[in-house]
Each structure stands twice: as C-alpha cells, then as structure tokens.
Amino acid sequence: EPHQPAFALMVVDLDRLKPINDHHGHEGGDRVLVGVAEILRHLCRESDTVVRWGGDEFVVLCDAGSLDSAAALAERIRSTVSKQIFRVGEGAVARSSCSIGFATHPFIASAPERFGWEQSLALADLALYQAKALRNDWVGWSGSASADTLPDLLQSIERDPAPLEEGGFIQVRRRPDPSTDDSTGRWRHMPGSA
C-alpha cells in the first residue's frame with residue numbers, strides 16, 4: 001500500500017499587497033495581512049500551524065494526509081481570500097488575491113529521510129513560483145517512489161518540473177482551469193499522477 005505523507009508545507013503569498021500599501025499606506029496593508037491571517041486560522045484545523053513568513057507571505061504546516069486534501073485546503077484559502085473585501089481605512093476597502101505553493105513532507109513518502117524541512121519548504125516555494133505566473137492560483141506536488149532514484153531531484157524540479165511530471169517522478173495538483181466549467185470539483189490530474 002502506498003505511504004501517505006504526514007504533512008504539507010504551504011506558502012501563501014499575497015498577490016497585490018504593494019498597491020494596497022501605496023494607496024492606503026502600510027496601515028492599510030497591515031489590515032489586509034491581519035485579515036488574511038484570520039482567514040487562515042479559520043480555514044485551517046487546530047492541528048495545523050500558521051506563521052507569517054516575511055512581508056506578504058504566510059507558511060502553513062498542514063496536517064494534510066494526502067496531496068488531494070492539501071489541494072482542497074489551498075482552493076478554500078485561494079477562493080476565500082479572493083472574495084474577501086478588506087477594510088483598509090476610514091470608509092476604504094481593498095481586495096487582494098493570493099498565490100499558493102505546497103509540497104508534501106516527507107516529499108517522497110517512501111523515502112522520508114531523503115529531504116528535511118528546509119528542502120520541503122524550498123519545494124513549496126518552487127511550486128509557489130509556478131502559481132505566481134498566473135496569480136490567484138495554486139500548485140502543489142509530492143515525489144513518487146521512483147523520484148528517490150534521481151540524484152539531483154531538487155535541481156531538476158527547479159530547472160523544469162514538466163519532464164518529471166510526465167515521467168511520473170512527481171505528482172502535481174493544480175487549480176482547476178477557471179476558464180472551463182468543471183463542476184465536478186476534481187483537480188486536474190496530469191499524466192503519471194495517481
């Protein structure tokens with residue numbers, strides 16, 4: 001039976017904080033950050049950990065259980081933040097969206113000693129980089145057992161994850177294409193993904 005990852009490390013990055021800071025001052029931007037922190041605490045379980053990670057990023061350590069449950073949480077966060085109207089000052093409101101990248105930890109469930117927390121966070125950051133290309137999006141991944149045979153897995157993902165995905169070395173979940181009406185709620189599964 002396949003091993004299940006214990007956690008997912010998720011990096012949530014606000015897409016439009018700078019224009020809010022420029023237009024409403026840093027106090028307005030801080031109100032958006034406080035609002036996003038409240039959303040994260042509300043949507044995450046008590047067993048999850050939410051921390052602010054630099055200017056406009058949060059890191060969530062999710063007690064995930066699977067790549068799909070982490071994807072479901074990422075979509076709930078993305079959707080909630082994008083619909084939220086934040087009060088940023090006297091009679092002033094702003095909207096934002098977020099991009100999310102996540103990776104399972106251990107990244108390769110069948111080889112838990114292969115990567116530490118730092119590498120899992122780096123892998124989540126690489127997924128975030130993919131999501132930020134589209135904004136208001138999310139990407140997450142985990143390594144398959146065959147990924148343990150690749151000596152330079154991190155560098156290969158950083159260079160170009162597509163061949164690894166096609167070869168079945170990594171399983172990837174992406175936000176369902178918003179331009180299609182996919183009411184099934186299932187994530188797009190890529191070739192080679194479970």
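Just so it is clear, the model here is predicted, and its values are computed rather than measured. (Residues numbered from 1 in each chain as written. Predicted model: local features only at pLDDT ≥ 70, side-chain atom pairs only at ≥ 80, totals over all residues. Heavy atoms only, no water.)

**Description of helix H1 (residues 17-43)**
Point 1. Between its first and last C-alpha atoms H1 spans 21 Å; for 27 residues at 1.5 Å apiece the expected length is 39 Å, and the helix comes up short by more than 12%.
Point 2. Roughly 130° is the biggest bend found in H1, and it falls at His24. (Helix = DSSP H or I, 4+ residues; strand = E, 2+ residues; numbered from the N terminus. Expected span 1.5 Å × (residues − 1). Bend = angle between axes of the 7 residues up to and from the residue.)

**A closer look at the environment of Trp53**
Point 1. One can find Trp53 in the loop between strand E2 (49-52) and strand E3 (57-62).
Point 2. For Trp53, the contacting residues outside a window of four places in its chain are Phe58, Val59 and Leu121. (Contact = heavy atoms within 4.5 Å.)

**Overview of the pattern of salt bridges**
Point 1. Here the structure, examined in full by the defined rule, presents 11 salt bridges.
Point 2. Note that Asp68 and Arg173 form a salt bridge whose closest N and O atoms lie 2.7 Å from each other. Of this pair, Asp68 sits in helix H2 (residues 67-83) while Arg173 sits in strand E8 (residues 170-174), and the two are 105 residues apart along the sequence.
Point 3. For Arg173, a relative accessible area of 4% puts it in the buried group.
Point 4. For the salt bridge of Arg159 with Asp152, the shortest nitrogen-to-oxygen distance reads 3.6 Å.
Point 5. Look at Arg159 and you get exposed, because its relative accessible area is 61%. (Salt bridge = Lys/Arg side-chain N within 4 Å of Asp/Glu carboxyl O. Buried < 20%, exposed > 50% of the residue type's maximum accessible area, 1.4 Å probe, protein only.)

**Observations regarding the confidence of the model for the protein**
Point 1. Overall, the prediction assigns the protein a mean pLDDT of 88, with 89% of residues at 70 or greater.
Point 2. In the model, residues 180-194 has pLDDT below 50 throughout and makes 30 contacts with residues more than four positions away in sequence or in other chains. (pLDDT = per-residue confidence, 0-100.)

**Here's the deal with the pairing of strand E6 (residues 98-108)**
Point 1. Among the 11 residues that make up E6, 11 are buried, leaving the element largely enclosed by the rest of the structure.
Point 2. Of the pairings in the sheet, the one linking strand E1 (residues 7-14) to E6 comprises eight bridges and is antiparallel in character. Bridge assignment links Leu9 to a residue of E6, and that residue is Ala103.
Point 3. In the sheet, E6 pairs with strand E7 (residues 138-143) via five bridges, with the strands oriented parallel. If you follow Gly101 over to E7, its bridge partner there is Val139.
Point 4. In this region the chain leaves E6, passes through helix H3 (residues 117-132) and returns to the parallel neighbour E7; the handedness of that crossover is left-handed. (Pairing = 2+ DSSP bridges. Right-handed = clockwise from strand over helix to strand, strands pointing away.)

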